[in-house]
Amino acid sequence: MLAILGKIFGTKNDKEVKKYRARVESINALESKYSAMQDNELQAAIHEIKEKIQLNSVTTNEVLNDVFAITREASKRILGMRHYDVQLIGGLVLNDGRIAEMKTGEGKTLVATLPVILNALSGKGVHVVTVNDYLATRDAEELKKLYNFLGLSVGIVTNALKNDIDRKEQYNCDITYGTNNEYGFDYLRDNMVYDIGEKVQRGHHYVIVDEIDSILIDEARTPLIISGPTKRKASDYVKSNEIALSLEQGEKIESLKPDEQPVVTGDFYVDEKNKVVMINDSGITKAEEMYGVENMYALENAGLSHQLDQALKANYIFQKDVDYVVQNNEVIIVDEFTGRLSEGRRYSEGLHQALEAKEGVRIQDESQTLADITFQNYFRMYTTLAGMTGTAQTEATEFAEIYNLDVVSIPTNIPVTRIDKNDLIYKSEREKFDAICLKIKEYSDKGQPVLVGTTSIEKSEYLHTLLKDKKIAHTVLNAKQHEKEGKIVENAGQKGAVTIATNMAGRGVDIKLPKECLELGGLAIIATERHESRRIDNQLRGRSGRQGDIGESQFYLSLEDNLLRIFGSDKIANIMTRLGIEEGEHIESGMVTRAVENAQKKVESMHFESRKHLLEYDDVANEQRKVIYNFRNNLLNKEYDIGSKIRENIAEYCTDLMQNAELLSETASMDNFNYEHISLKLQEELGLYIIKEDIVSEDKELVGKKLLELVELKYDEKMSIVIDEQKQEIEKILYLQILDSSWRDHLYTMDTLKTGIGLRGYNHKDPLVEYKKESYNMFIELIASIKLEIVKILFTVRLRDEEAERREIEALKAQMEASSEVFFTNKDDEAEELELLGKKIARNELCPCGSGKKYKQCCGVSGPKKGLLAK
């Protein structure tokens, strides 16, 4: 009924095409104007338009007619090709951010030049996406002369381009050709750099995706993932566990004097009330010796102190069968509220690995996702997304729902004359392939070229074996070597050529036929079975009959084919039985062909729901990804005031400390305020010794103010040894490292959550709603964790003023040399004399005596002792 109404009143697509034809007439009216110009005049005209666009004095829509007309004229002169009216329609559709469905051989590559040139004039960059490196290189090289003539530069991004400087150069061109994988991975890598100058992409302005159905539909279920090992190896956790067990547990003895620090015996003590482990200087020294490092808190060793802290907590705070259990060689968390096992959950920040090392079970690999994104969410970042393909109408609903893209079918320049025959259906696969071999031989003997499409490499290899046995010359393509395939497919239209290819092999390459082959019937297409998607079948058919050429296509099916076996084979089998079909015979019926297409529609719908489902989950992660990447870009920006951000985080940290101390206080009165909690946390997390007397007050707000002022003062004192530029660089690098590390851990946790969330459905809960709620809470925790970690790291990292240290040592040497009356009887005396001179020597520093050894291995080998001083 709809088809009949469409023929009477015209379809929606017909109305769209009619609207575009009106604008094409306006473009055609300018042809005589620009064809009369000399080359330099044509170039001057496009340059003038370019300047106006970049000055925002005109919009691209206002100059579209002129740019399209100039491009067509330039193409005539440089490439020897003039855009047809239908190609201008295609260009208009693409410029509007829509999908142009154009049949094979209609010149999609040339069509793209129209909107590409128009949008490149803004200077913001245009990306053209192809399905493989061969097509990207071919199209860019073929069109380079045209683009250069009009003053536009062209870049190509392929897998062979390894150098980031070269990649950046390609992206900085006005027009860049490349594959979807290259664009996507470059975007992810750009959000992992530590210097904004290392980014290769410069934005996402306008993109045309060639074979858009292949990239945004077929590959949509496979996200782009950059993965890698974590810096924390299983052996590191084992080592940290050994060190934690070797340290001596002591106790904290409070001083009777309020202004004196408490005394800690042993190497560390455990504060069970606050679940805190505090390590002292002797513990740090022992740990550094066992790790084999000079400074456990140096930037390059920052992970060691964290791992040791987690190992101490695992051994002295977390209890087996209380906080966790060990089952099937795994550590499983016990929910502290319900007492149930939380299978699938893992403690973050390496604590779970520390528990696994403690219990001697397998420490799970920490190779993890460093960055990921789906093609859907990558391409939706562009201000304007457009695409071209020969087959999009069957997926029009998905393009509209997921990408907000309309599909417009462009009329062919010359009507299609290819004959699409009804499907032939056989009882068994063996009978089907026997019939295919006979038909191929018939075409081969006649000299008519034939392209045989298979749905898998396995089937193409099987047919290859059959034809080889029958001594029928042929070529096999399996979609592995794009460049080689492209050249072979180009020759598939030669007389007597028999080409076997998987349905996608050589896509994007036209098969041109010599005149003698057209006289023999054109290119024959034989399909060995129906694909799950009608679109893929239509692509195979579309290889024949380009630009009005004669041709034919036919599908050979059997009841053993996957599609028929799963959908509706019983119905077709009954028809064949009633008709009394014998061995080797087939049925050919329009009704059966329609039944097969209905089966394909069911599968297409199923896959659409699967892709939509994946996207719904990724959309949650994508919103979080945007927040993290935007903040990351701010950190990379030299104009960003990172100092204010750090102070904001310090203020939040102090506010949280005050709130927690208030919650832990026995009463609301300030007389019972838990100052101890604040002191302990500051000492444990920031290494600051601030006692009650420093901040005590009857006014809670005043306590908070004093606390913040003291912490900020300590921070300013710590950073005073470096100049402002160095301070900002240290803050930026450390913030980026924490941000990246925390984001990677968050991605891992999100993956774990996604894996088990489906089980919520058994409890009559919508898994997607539950995923959104939990992932939101996890993201809030992530942000809070990042803010806490940067404050902790900035306070605990050790900064060295090497120049000042060098000057001090030289001054000490000079002072000792000048004291001619002083002499030493042994090295211990020398150590004491240095202390008497007012300089406490760090154990890992070079010994001032000039031996070249470290102080702890020379004058400080047994620690400073009382020696004999003579004068």
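Basis of the calculations
- Residues numbered from 1 in each chain as written.
- Predicted model: local features only at pLDDT ≥ 70, side-chain atom pairs only at ≥ 80, totals over all residues.
- Heavy atoms only, no water.
- Helix = DSSP H or I, 4+ residues; strand = E, 2+ residues; numbered from the N terminus.
- Pairing = 2+ DSSP bridges.
- pLDDT = per-residue confidence, 0-100.
- Contact = heavy atoms within 4.5 Å.
- Salt bridge = Lys/Arg side-chain N within 4 Å of Asp/Glu carboxyl O.
- Buried < 20%, exposed > 50% of the residue type's maximum accessible area, 1.4 Å probe, protein only.
- Core = buried A, V, L, I, M, F, W, Y, C linked by side-chain atoms within 4.5 Å.
- Axes fitted to C-alpha atoms, helices over the stretch in contact; angles between N-to-C directions.
- Parallel < 35°, antiparallel > 145°, perpendicular 65-115°, else oblique.
- Left-handed = near helix turned anticlockwise from the far one by under 90°.
- Nonpolar A, V, L, I, M, F, W, Y, C, P; charged D, E, K, R; others polar.
- Polar contact = N/O pair within 3.5 Å; in protein donor to acceptor, adjacent residues only side chain to side chain.

This part takes up unusual backbone geometry. Phi angles above zero are rare outside glycine, and Lys 471 is one such case at about 55°. Considering the arrangement of structural elements, one finds Lys 471 in the loop between α19 (457–469) and β20 (475–477). Its identity as a non-glycine residue notwithstanding, Gln 547 has a phi of 50°, on the positive side. With respect to the secondary-structure elements, Gln 547 resides in the loop between α22 (534–541) and β23 (551–558).

Across four bridges, the pairing between strand β11 (residues 324–327) and strand β12 (residues 330–334) is antiparallel. Bridge pairing in β12 links Gln 327 to Glu 330.

Per-residue confidence for the chain averages 83 on the pLDDT scale, and 83% of its residues sit at or above 70. Here residues 862–871 is modelled with pLDDT under 50, and outside its nearest four sequence neighbours on either side it reaches 18 contacts, counting other chains as well.

What follows covers the pattern of salt bridges. Scanning the model with the defined rule gives 53 salt bridges in all. Arg 98 is the partner of Glu 16 in a salt bridge, and the nearest nitrogen-oxygen pair spans 2.9 Å. Of the two residues, Glu 16 is situated in helix α2 (residues 12–28) and Arg 98 in the loop between α6 (85–95) and β1 (99–101); the sequence distance between them amounts to 82 residues. Glu 16 sits in the buried class, given a relative accessible area of 17%. Salt-bridge contacts for Asp 420 lead to Arg 541; the nearest nitrogen and oxygen are separated by 3.7 Å. In this pair, Asp 420 is assigned in strand β17 (residues 419–420) and Arg 541 in helix α22, connecting sequence segments 121 residues apart. What makes Asp 420 partly exposed here is its relative accessible area of 38%. Via salt bridges that share partners, Glu 31, Asp 39, Arg 72, Glu 73, Lys 76, Arg 77, Arg 82 and Asp 85 belong to a single interconnected network.

This part is about the nonpolar core. Side chains of a nonpolar character, in soluble globular proteins, are inclined to be buried together. Within the largest apolar cluster, 78 residues are counted, with the highest numbers of intra-cluster contacts made by Leu 216, Phe 379, Phe 399, Ile 678, Leu 682, Leu 707 and Val 711. If sequence neighbours within four positions are ignored, Phe 379 has contacts with Val 129, Asn 180, Val 207, Val 209, Ile 215, Leu 216 and Leu 385.

At a minimum axis separation of 12 Å, helix α5 (residues 64–78) and α6 run at an interaxial angle of 135°. One way to sum up the angle between α5 and α6 is to call them oblique. Of the two possible hands of crossing, α5 and α6 adopt the one that is right-handed. Only Asp 85, Leu 88, Gly 91, Leu 92 and Asn 95 of α6 make contact with α5, whose side of the interface consists of Leu 64, Phe 68 and Arg 72. Here the contact of α5 with α6 is built from residues that sort into four nonpolar, two polar and two charged.

On to the sheet that holds strand β4 (residues 175–179). With respect to topology, seven strands assemble into an open sheet ordered β3-β4-β2-β5-β15-β1-β16, the strand pairing being parallel. Strand pairing shows two members of the sheet lacking a second neighbour, β3 (154–157) and β16 (407–409), which therefore form its edges. Geometrically, the sheet is characterised by an average inter-axis angle of 20° between neighbouring strands, direction not taken into account. In the sheet, strand β2 (residues 126–130) pairs with β4 via five bridges, with the strands oriented parallel. Looking at the pairing, Thr 130 lines up with Thr 179 of β4.

Right, let's get into the side chain of Glu 731. Note on placement: Glu 731 falls in helix α30 (residues 724–757). For Glu 731, the contacting residues outside a window of four places in its chain are Ile 642, Gly 643, Ile 646, Tyr 715, Ile 790 and Leu 794.

With that out of the way, let us pick up the side chain of Thr 113. Mapped onto the fold, Thr 113 is located in helix α7 (residues 108–120). Given the relative accessible area of 0%, Thr 113 is considered buried. Polar side-chain contacts of Thr 113 include one of 2.5 Å to the backbone oxygen of Leu 110. Not counting chain neighbours up to four residues away, the residues in contact with Thr 113 comprise Thr 71, His 83, Leu 143, Leu 146 and Tyr 147.

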